[in-house]
Amino acid sequence: GTPSGPVHLNTATLEQLDALPGVGPTTAQKILDFREEHGAFTSVDELDAVPGIGPARLEQLRELTAP
């Protein structure tokens, strides 16, 4: 199913991130790695810096995620 509320990037598990549209297990792991390396997300826009997430995917995820 789809998440019932926004997926919080700073607390989401691999499984929660993987459930987002267009995000598979590989990209979900990259988000977790980015969070570990750079610290907490302060904005959903920071997803743009994660490898595999481009402008189109970011727009898709903007409504579904929160820092």
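Located above this text is the structure these notes cover.
The present account deals with the structure reproduced in this document.

About the cut-offs
Residues numbered from 1 in each chain as written. Predicted model: local features only at pLDDT ≥ 70, side-chain atom pairs only at ≥ 80, totals over all residues. Heavy atoms only, no water. Helix = DSSP H or I, 4+ residues; strand = E, 2+ residues; numbered from the N terminus. Buried < 20%, exposed > 50% of the residue type's maximum accessible area, 1.4 Å probe, protein only. Contact = heavy atoms within 4.5 Å. Expected span 1.5 Å × (residues − 1). Arc of directions from axis to C-beta. Salt bridge = Lys/Arg side-chain N within 4 Å of Asp/Glu carboxyl O.

Attention shifts here to the side chain of Thr65. Position of Thr65 relative to the elements: it lies in strand E2 (residues 65–66). The exposure class assigned to Thr65 is buried, which follows from its relative accessible area of 6%. With residues near it in sequence (within four places) discarded, Thr65 still touches Pro6, Val7, Leu9, Leu20, Val44 and Leu47.

Another point: helix H2 (residues 25–38). With 14 residues, H2 extends 20 Å from end C-alpha to end C-alpha; this agrees with the ideal 20 Å at 1.5 Å per step. Among the residues of H2, Thr27, Ala28, Ile31, Leu32, Phe34 and Arg35 are the ones counted as buried. Looking straight down H2, one finds that the buried residues subtend no more than 155 degrees of arc, so they occupy a single side. Opposite its buried face, H2 presents the exposed residues Pro25, Thr26, Glu36 and Glu37, each directed more than 90 degrees away. Buried residues along H2 sit in contact with helix H1 (14–18). Phi for Gly39, located one or two positions after H2, is positive at around 90 degrees.

Opposite charge on two side chains permits them to pair, given that their charged atoms come into close proximity. According to the stated counting rule, one finds two salt bridges in the structure shown. Residue Arg62 is joined to Asp45 by a salt bridge in which the shortest nitrogen-to-oxygen separation is 2.4 Å. Of this pair, Arg62 sits in helix H3 (residues 55–62) while Asp45 sits in the loop between H2 and H3; the two residues are 17 residues apart in sequence, bridging distant segments of the chain. With a relative accessible area of 30%, Arg62 lands in the partly exposed category. Between Arg62 and Glu59 there is a salt bridge, with its nearest N and O atoms 2.9 Å apart. Of the two residues, Arg62 and Glu59 both sit in helix H3, three residues apart, roughly one turn of that helix. Bridged by salt links that share partners, the residues Asp45, Glu59 and Arg62 form one connected network.

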